[in-house]
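An overview of the molecular structure
Below, each chain spelled out in residue letters.
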Amino acid sequence: MLTRRRFLATTACTVAAASLHVHGQSNARIALSIPREADGPNMPIDFVGLSYEVQQLADPTFFSAQNSGLIRAFKALSSTGALRLGGNTSEFAYWKPKPDSPEPVHPQVREVVGEPKAHYYAVTPQAVRNLADLLQATGWTCVYGIGMGTNTPARASEEAVFVAETLGDRLQYFQIGNEADLFDRHLRDPKTWSPKTYLEEWLSLARAIAARVPAAKFGMPDVASNVSWLTEIADEWPSIQNPPHVTTLSHHYYFGGPATNPDVNIPNLLKPATMQKVQNTANVATAAASKMGARVRMTEGNTCYRGGKPEVSDVFGAALWSADYSLLLASNDYSGVNLHGGTGKSVANSVGGSLPGDALLEAKGETPEQIAAHPHPFYTPIGTFGSDYVLEPVAYGLKFAGSFRGGTLLKTDFSTKLQDTGVNATAYAAKLPGGHISVIVLNKDAAADLEVELDFGQDASGVVQTETLHAPGLDSREAHITTATKNDSLKQGKCSITVPHATGVRVTVS
């Protein structure tokens, strides 16, 4: 059988007639002065996160201490991350406290393209106990999703009691409901569904949980894309008597989709206008969170919705996107980013039963073995290939950005200055917990190289360590983070680095 490793070793993964392996055609030079004061937001140590469908819990062996391959992959991504459980399938889960507990009566729902079919499944105490063991083994925390679409306050609170007792301090907060702004498509009456009616339902569930778990913390509303819901909820919040303890406002983000959309491509994914739209969303979300004394977390997202797009979601261009996206949110005081993934089956179930990306590959004439060598879903940060768990390119970008975790970002105008050079590049800086200053420059340009002089101040001194996020090309189905074997030293407080096109470089002065 052709394994993914053998496939990548023997197959040139290029985009037909439009290869993105472009050699540098021009260079740009820029000098960046590093601020002395670290007065930006803090990046929490569990900023780096993954998002999985709750349906993964239907197999209690997946999230368990016995799944050593998955544990290794989590720890390779981050030693302190946050696992979010939610997704479309969470609305069709039910709590089964005992082996002989009967399946509850379920409400009628509508079947809609892109939404899961009404296939209900049980979440059991054993699955939660195994989840706790995995969190302990990885050092990660958990954002635990409890369904809202077909749930009841009694069942939600019973599940929450067991989860809180079992996960203990590994439980970050409860998230009730997934993409409630889309409930009017298949779960609620579109004539009456609104942020206000959502809030009324959410409060009935959250208060039932808080009554039995007094220390419970919550996130909300986990919208798919309509961040105006966050504004409306924040405006309503002062009128709520004795509100539950909400620590986090949450939303999702996918660059575009589905896979059949021709506008979902690497140039569009990496262009500055894409990040400007991200900034616009962050402005709305953080303003709402500030009103509620909370922070924002992007709890589910990736490159292309409905399972990703082959040769976009699973290539190195996605690594540069995820690094830039994560650092931009961190600079906006987000508490974390959870990139969505998991097994192909669970994600396919969440979007109606199949991944559109598979149909694209079949139309191109790829064999079943070639299709199987892609990660499924195509956007997953951790690909599952039999018993192997492999960090995909998008995970390397998240890992690269996560090197700032625990640090405080420096407020800069680096990205604006870099865009003024005509090169598609961004940059971020942070003061790490040990006091060292670290700078990340992401050159997303397909052609132009960058020569960057970093000025840390004339009286600054120290050893300069360099790491590079790289691959043969933007369309390569691989990614690497390489640490330089030879360190340099600051000279009169300065150092110069070359950031080749389609590459990220991290400089740390210690």
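Provided above is the structure to which this section pertains.
Summary of the structure given here.

Calculation criteria
- Residues numbered from 1 in each chain as written.
- Predicted model: local features only at pLDDT ≥ 70, side-chain atom pairs only at ≥ 80, totals over all residues.
- Heavy atoms only, no water.
- 1 Å grid on protein atoms, 1.4 Å probe; cavity = no way out; pocket = protein on both sides within 12 Å on 5 of 7 lines; lining within 4 Å.
- Points joined across faces, edges and corners; volume = space filled by probe spheres on them.
- Helix = DSSP H or I, 4+ residues; strand = E, 2+ residues; numbered from the N terminus.
- Nonpolar A, V, L, I, M, F, W, Y, C, P; charged D, E, K, R; others polar.
- Buried < 20%, exposed > 50% of the residue type's maximum accessible area, 1.4 Å probe, protein only.
- Contact = heavy atoms within 4.5 Å.
- Phe/Tyr/Trp six-rings, centres within 6.5 Å; stacked < 30°, edge-to-face > 60°.
- Core = buried A, V, L, I, M, F, W, Y, C linked by side-chain atoms within 4.5 Å.

Let's talk about the layout of surface pockets
The calculated volume of the largest pocket comes to roughly 690 Å³. Looking at the largest pocket, it is lined by 33 residues, and the ones nearest its centre are Ala224, Ser225, Tyr253, Tyr254 and Tyr305. Secondary-structure elements contributing two or more residues to the lining of the largest pocket are strand E9 (246-256), helix H9 (272-292) and helix H11 (344-350). Residue contributions to the lining of the largest pocket peak at 5 residues, all from E9. Residue composition of the lining of the largest pocket, grouped by class: 12 nonpolar, 12 polar and 9 charged. Of the voids in this model, the second largest pocket is the one considered here, and its volume is about 550 Å³. In terms of lining residues, the second largest pocket is bounded by 24 residues, among which Gln279, Leu328, Ser331, Ser415 and Tyr428 are the most central. Mapped onto the lining of the second largest pocket, the elements with two or more residues apiece are H9, helix H10 (316-331), helix H15 (414-420) and strand E15 (425-431). Looking at the lining of the second largest pocket, its residues break down into 10 nonpolar, 10 polar and 4 charged.

Considering helix H2 (residues 68-77)
Burial in H2 covers these residues: Gly69, Leu70, Ile71, Ala73, Phe74 and Leu77. Of the surrounding secondary structure, the elements contacted by the buried residues of H2 are strand E2 (48-53), strand E3 (82-86), helix H3 (125-138), strand E12 (382-385), strand E13 (388-391) and helix H14 (393-401).

Quick word on the packing of aromatic side chains
According to the stated counting rule, one finds 18 aromatic pairs in the structure shown. Their ring planes at 15° and their centres at 4.9 Å tell us that tyrosine 253 and tyrosine 325 sit as a pair that is stacked. Highlighted residues: tyrosine 253 in strand E9 and tyrosine 325 in helix H10, separated in sequence by 72 residues. By relative accessible area, which is 1% here, tyrosine 325 ends up buried.

Description of the nonpolar core
Ranked by internal contacts, the top residues of the largest apolar core, which has 120 residues, are Phe63, Tyr144, Phe174 and Trp202. Here this core gets 11 residues from one element, more than from any other, and that element is H10.

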